[in-house]
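Here is what each chain is made of, one letter per residue.
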There are 2 protein chains.
Amino acid sequence: MKISHKIEQSAKEEKIWWSFEYFPPRTAQGLQNLLDRIERMRALGPEFIDITWNAGGRTSDLTSEMVKTCQGLIGIETCMHLTCTNMPKEKVDIALRDAKKHGCRNVLALRGDPPTGKDEWEAVEGGFMHGIDLVRHIRREYGDYFDIAVAGFPQHQLLPPEERDLEMKYLKEKIDAGVNLIFTQMFYDVQVFIDWVRSVRAAGITVPIVPGIAPIQTWNGFQRATSLAKIAIPQHFLDALEPYKNDDERVRAIGTKLVADMCRRILSENLGIRGLHFYTMNLERGTKMLLEELNLVPRVETIKPLPWRQCLTPNRRQETIRPIFWANRTKSYISRTENWDEYPNGRFGDSRSPAYGELDGYGVWIKQTKVDALKLWGHPTTFQDVATLFARFCTQDLSALPWSDQAPSTETSIISKQLARMNELGFLTINSQPAVNGVRSDDKVFGWGPSNGYVYQKAYLEFFVNPTLLSLLLKHIERDSNITYYVINNRGDLRTNTHSDGPNAVTWGVFPGKEIIQPTIVEAVSFMAWKDEAFELGQQWARLYEHDSPSQKLISELMDTCFLVNVVHNDFHDPEAIFEPFFKAGAEYLAMNPASPPTVNGY
Amino acid sequence: MKISHKIEQSAKEEKIWWSFEYFPPRTAQGLQNLLDRIERMRALGPEFIDITWNAGGRTSDLTSEMVKTCQGLIGIETCMHLTCTNMPKEKVDIALRDAKKHGCRNVLALRGDPPTGKDEWEAVEGGFMHGIDLVRHIRREYGDYFDIAVAGFPQHQLLPPEERDLEMKYLKEKIDAGVNLIFTQMFYDVQVFIDWVRSVRAAGITVPIVPGIAPIQTWNGFQRATSLAKIAIPQHFLDALEPYKNDDERVRAIGTKLVADMCRRILSENLGIRGLHFYTMNLERGTKMLLEELNLVPRVETIKPLPWRQCLTPNRRQETIRPIFWANRTKSYISRTENWDEYPNGRFGDSRSPAYGELDGYGVWIKQTKVDALKLWGHPTTFQDVATLFARFCTQDLSALPWSDQAPSTETSIISKQLARMNELGFLTINSQPAVNGVRSDDKVFGWGPSNGYVYQKAYLEFFVNPTLLSLLLKHIERDSNITYYVINNRGDLRTNTHSDGPNAVTWGVFPGKEIIQPTIVEAVSFMAWKDEAFELGQQWARLYEHDSPSQKLISELMDTCFLVNVVHNDFHDPEAIFEPFFKAGAEYLAMNPASPPTVNGY
């Protein structure tokens, strides 16, 4: 979505919004960490993020790559910077075409800094000389597809009148060439900013102005940034901060208050400004503290239009339904369905025709390195060792399993005790959700979707289990007409008690003026596709151990002999009911094998 | 659906089922009455009905017509009789082709009685001689499309052994020609029936046998039917009934017990029989008493797979969603959408492309004759007179309005007081449903759909209102963020506070192993189509009165100046909330016009 639309909407709803800026890091590990951070910081509710363009070539592809990842995998609206430095027209076009392809609709067009090693800016051959040339090019080639932003410099307010007027003339020309909004450079003198905004307006420029806010994170960082960009620092900032310049914590605390005061003034000054653009410097803490100080809490709606994270690439934007199986492996689901022509829109069966990507094609992998994995999971030698790992994961005593990149979600923690018990009884759980009988859509734990709605869930459990325990379980399950299940082994033999081919909606929401939204389902075809991945992740875990070692044999045997089972309790009024057959079957198993807890082929 | 499938299902579920037989009446009024009765008797839960074929030509088209109406408009599975009498092959084919077109999958093939005026049966030129010829023809021309039933005669059990064996041979030949089941002629001697069934089985016939049960309705009717068909009557029937032969009530009461005993014996005799086929003689009472005596109550599921009545013609069977506006005029909706290529299956917007039929094309009409209408609605001369009619309809003191063929449904009666009050305040209600927050799907009043489910409704109101009162109302409505509305006048100017084009689901159900089913919606396009009909019905009411008479001018003026409004309260937890803005606006209006209640242009 275009930022200008978001600004219009916020104005209509009279709400304050904010956005985060990141820059492409220099190392691969840095990139992974940053993407994880961007994903985490999404919970802080930025309306969009933007990614700077790195002059110099090496990292410019990285910017495109990050835009793709943020729009597609992380599902956050992204603005791409684009500079003229070292960019012949062809490279500009590649960047713009890629951005469009991945659904990015916002570009910040800059001339950029001089190339490394040069003092004076000069255009490359076949490149653009000025920012305005880039703006015109984008408009000419892409029409209205992109919102184009340019940079604004409040600092110019301090220039001698003639220079100031000239800069304003340049800015006005750029705007007239088709610019939609202005992001300002960072500043700390709020009065300078306010005066500058007024003179921009006086010059007849009406597009939205978004102030760039740089949280103060450390004394040195603050000094470096302001001197680099020749930013004036008000004396009271220096007075308050300098005495504590060796105490980062203190600087951050004081800085947060100072910058927050500045933000409050901007928002209250009747400038028509409701948005703040944070220069995060790829850090989390300062921005978070600032938002907290400003009492800016994200609206649930901003964070979760659906219970899972949406993908913002153009062909996936309408996607409203997904199988539950990949709940803990969203990126894998997105990769495996990347080439679908059409995404299910409310009815899964209808548009599922395109096949799920092959496992080989996209690469299923355990996220952990071998070293980290062995540290996490040790060297299990009995089934009970494995079950204990699963149980510890449920109680948050273990941070990951091969099937889950991250700790269980808050909602799962509500049933963590029951899950841990299931694992101790021999049901190795890899996915679950508790039953929810209509809580409000702004509920902290379960909420998603527009306000004034109600959301629901059917209880869901997915697990590996050995054949003997499975038979005992099914006997109990068949007695409860509210339970439906699918059982499959690694050869793909499927067994179920459901009578329809259609999907079972396990998460749904009721909202004002809308159809019922049912974004999560359980059904056979996708379960068949998922089981390949589920068993393969187990085998990868096995392969981490030495060939023929007890741990490898144990886990590999487990994957060869166990069944993968999913169970839905269809009466969402009773959150405990789904566990009953498990506890009963587990107790029976123990009674039959009093000396030994569940095993797998003798382990 | 084929009757044989229904029988299989019933066997699996171990449930008793029953069906009703009707014959085409002789007059147009009789036909209308019978169709109304068939529709009413649907509530008694017949698994299907069948319609006899009337030898002699005049009424044979009527059988086809009734099959079409019952399958399509009434939405009840129908079996068509077909006889050889006076039927050249071409007529047989027309009847079969029409039946297939309307989704009928069951034919009872008979030779039939001799044509009127003849004693001996003879084939027409180009016609069939024996029932078996007809069976073979159907199988040859239609493959497995139809279930073919034939008649069985328990009475044959009383024939001399040779004749009896010959009849059994004929029956066996027919079955071998491709018959799926046997309906028996009526009988009252249960032992004769049981013996006959055993000899049928002994002859190697394995298809289901459905006993034909004729309720005893009056002494004369009982005598006539049994003597016509030469049916043996057990002595204890005569002993019990004859003393009361002049007391129809008594005969019916005693007869009900006798026939019920017979049915109980049949069902308990270990014959594998779980179905009873009732010869209703186009009457309601005897069949109903018999079902009650037998404690055979219809399962909710049998009656209501969806909250509205499904149409069983082949292209409409998948229809799972309808706009709420035609809730009281289902047949009109079916007619107006008859030519759609595709029916919405879960998502209304997607397949709505085909236009609603034009009003002229299918004919909107008030069901009542002029005489009946004037008797019902009198000669209103003030707005208050009209409002009183609407209020009386809500409290069931008036049986119909131009917009509703029938009294308000049971569920509406729950809010009848509030509706009556709305009408007194000047909101002329024509459609409504109360809020329902998840009652079980077998709930007597609100239930529909498969068992073990929960059903929901958002409160809905639709009404005519004058512009002044509307402004007051909207002011209050806008204060409740949970209310969405559409306002339209007879020129089609639409006003709404909904932000999305998509439909608002106002009835939905959650069932084991299924997607959420959302069969009733509110949305703009269908509301536009409905408003033509709604205003036209009012104008037709006006035209019942003499030209320029006060009643005509009042009602016509009302239709010209009033708005048609629909309102949904999106929070289904509070059934009263939807009424608040109405009562407030009404009170304000009264305060502004203390002397006069709502008027329309001075009336």
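Predicted model only: the values in this text are computed from it and were never measured. (Residues numbered from 1 in each chain as written. Chains lettered and ligands numbered in written order. Predicted model: local features only at pLDDT ≥ 70, side-chain atom pairs only at ≥ 80, totals over all residues. Heavy atoms only, no water.)

Caption draft 1: Region of the structure containing the sheet that holds strand E11 (residues 436-440) of chain B. Residue and element names in this part refer to chain B. The five strands lie next to each other as E9-E17-E16-E12-E11, forming an open sheet whose pairing is mixed. Edge positions in the open sheet fall to strand E9 (322-323) and E11, since each of these has one partner strand only. As judged from the four bridges shared by strand E12 (residues 454-457) and strand E16 (residues 504-510), these two strands associate in the antiparallel manner. Across the sheet, the residue bridging to valine 455 is glycine 509, located in E16. (Pairing = 2+ DSSP bridges. Helix = DSSP H or I, 4+ residues; strand = E, 2+ residues; numbered from the N terminus.)

Caption draft 2: Representation of the packing of helix H20 (residues 524-543) of chain A against helix H21 (residues 550-561) of chain A in the model. Residues and elements named next belong to chain A. Viewed as axis vectors pointing N to C, H20 and H21 meet at an angle of 165 degrees, and their least axial separation amounts to 8 Å. The angle between H20 and H21 falls in the class roughly antiparallel. The hand of the H20/H21 crossing is left-handed. Between H20 and H21, the contacting residues are Ala534, Phe535, Gly538, Gln539, Trp541, Ala542 and Arg543 on the first element and Gln552, Ile555, Ser556, Met559 and Asp560 on the second. Of the residues contributing to the contact of H20 with H21, the split by class is six nonpolar, four polar and two charged. (Axes fitted to C-alpha atoms, helices over the stretch in contact; angles between N-to-C directions. Parallel < 35°, antiparallel > 145°, perpendicular 65-115°, else oblique. Left-handed = near helix turned anticlockwise from the far one by under 90°. Contact = heavy atoms within 4.5 Å. Nonpolar A, V, L, I, M, F, W, Y, C, P; charged D, E, K, R; others polar.)

Caption draft 3: Quick peek at the packing of aromatic side chains. Throughout the structure, instances matching the rule amount to 61 aromatic pairs over all chains. Between the aromatic rings of phenylalanine 579 of chain A and phenylalanine 583 of chain A, the centroid separation amounts to 6.0 Å while the plane-to-plane angle is 15 degrees, which identifies the pairing as stacked. Residue classification places phenylalanine 583 of chain A among the partly exposed positions, given a relative accessible area of 23%. When the centroid spacing of 4.4 Å and the interplanar angle of 5 degrees are considered together, the rings of phenylalanine 187 of chain B and phenylalanine 193 of chain B count as stacked. We classify phenylalanine 193 of chain B as buried; its relative accessible area is 0%. Taken together, the ring pairs in this structure connect Tyr454, Tyr456, Trp508 and Phe572 of chain A together with Tyr454, Tyr456, Trp508 and Phe572 of chain B into an aromatic cluster. The aromatic ring of tyrosine 145 of chain B is capped on one face by lysine 100 of chain B, whose charged end is 4.9 Å from the ring centroid. Directly above the aromatic system of tyrosine 244 of chain B lies the positively charged group of arginine 250 of chain B, at a separation of 4.2 Å from the ring centroid. (Phe/Tyr/Trp six-rings, centres within 6.5 Å; stacked < 30°, edge-to-face > 60°. Buried < 20%, exposed > 50% of the residue type's maximum accessible area, 1.4 Å probe, protein only. Lys NZ or Arg CZ within 6 Å of the ring centre and 35° of its normal.)

Caption draft 4: A look at the sheet that holds strand E15 (residues 494-496) of chain B. Residue and element names in this part refer to chain B. Pairing within the open sheet is antiparallel, and its five strands lie in the order E10-E13-E18-E14-E15. The outermost strands of the open sheet, each flanked by one partner alone, are strand E10 (428-433) and E15. When the angles between neighbouring strand axes are averaged without regard to direction, this sheet yields 15 degrees. Sheet topology places strand E13 (residues 459-465) next to strand E18 (residues 563-569); seven bridges connect them, and they run antiparallel. Looking at E18, one finds that phenylalanine 464 is bridged to leucine 564. Along the sheet face, helix H18 (residues 416-424) touches E10 and E13 and points at about 155 degrees away from the line of E10.

Caption draft 5: Looking closely at the side chain of glutamine 539 of chain A. Among the secondary structure elements, glutamine 539 of chain A is positioned in helix H20. Those residues in contact with glutamine 539 of chain A that sit more than four places away from it in its chain are Ser556, Met559 and Asp560 of chain A.

Caption draft 6: Summary view of the interface of chain B and chain A. Taken together, the 31 residues of chain B in the interface contact 32 residues of chain A. Buried surface at the junction of chain B and chain A, summed over both partners, amounts to about 2,600 Å²; 46% is from carbon and sulfur atoms. Our enumeration of links across chain B and chain A arrives at two salt bridges. For aspartate 571 of chain A, the salt bridge is made with arginine 440 of chain B, and the minimal N-O distance between the two is 4.0 Å. Counting across the interface, chain B meets chain A through 18 residue pairs in polar contact (both at pLDDT 80 or more). Listed by contribution, the elements that provide at least two residues to the side of chain B that touches chain A are E11, E12 and E16 of chain B. The element that contributes the greatest number of residues to the side of chain B that touches chain A is E16 of chain B, accounting for four residues. Here the residues of the side of chain B that touches chain A are counted per class, giving 11 nonpolar, 14 polar and six charged. (Buried area = accessible area lost by both parts, 1.4 Å probe. Salt bridge = Lys/Arg side-chain N within 4 Å of Asp/Glu carboxyl O. Polar contact = N/O pair within 3.5 Å; in protein donor to acceptor, adjacent residues only side chain to side chain.)

Caption draft 7: Main features of the confidence of the model for chain A. Considering every residue of chain A, the mean pLDDT works out to 88; 92% of them sit at 70 or more. Quick note on the complex model: pTM equals 0.74, ipTM equals 0.71. (pLDDT = per-residue confidence, 0-100.)

Caption draft 8: Inspection of helix H19 (residues 467-477) of chain B at higher detail. Residues and elements named next belong to chain B. Leu469, Leu470, Leu472, Leu473, Leu474, His476 and Ile477 are the residues of H19 that are buried. Where H19 is buried, its residues contact E13, strand E14 (483-488), E15, E18 and helix H22 (580-592). Structurally, the start of H19 carries an N-cap: the backbone nitrogen of threonine 468 is 3.0 Å from a side-chain oxygen of asparagine 466.

Caption draft 9: Structural view of the pattern of salt bridges. Evaluated as defined, the whole model comprises 44 salt bridges over all chains. With a shortest N-O distance of 3.1 Å, arginine 40 of chain A and glutamate 284 of chain A are connected by a salt bridge. Of this pair, arginine 40 of chain A sits in helix H2 (residues 28-41) while glutamate 284 of chain A sits in the loop between strand E8 (275-279) and helix H11 (285-293), and the two are 244 residues apart along the sequence. The residue glutamate 249 of chain B makes a salt bridge to arginine 285 of chain B at a minimum N-O spacing of 3.2 Å. Residue glutamate 249 of chain B is found in helix H10 (residues 248-268), and its partner arginine 285 of chain B is found in helix H11 (residues 285-293); the two are separated by 36 residues along the sequence. On the accessibility criterion, glutamate 249 of chain B (45% relative accessible area) is partly exposed. Look at the salt bridges and you will find they share partners, linking Lys257, Asp261, Arg264 and Glu293 of chain A into a network.

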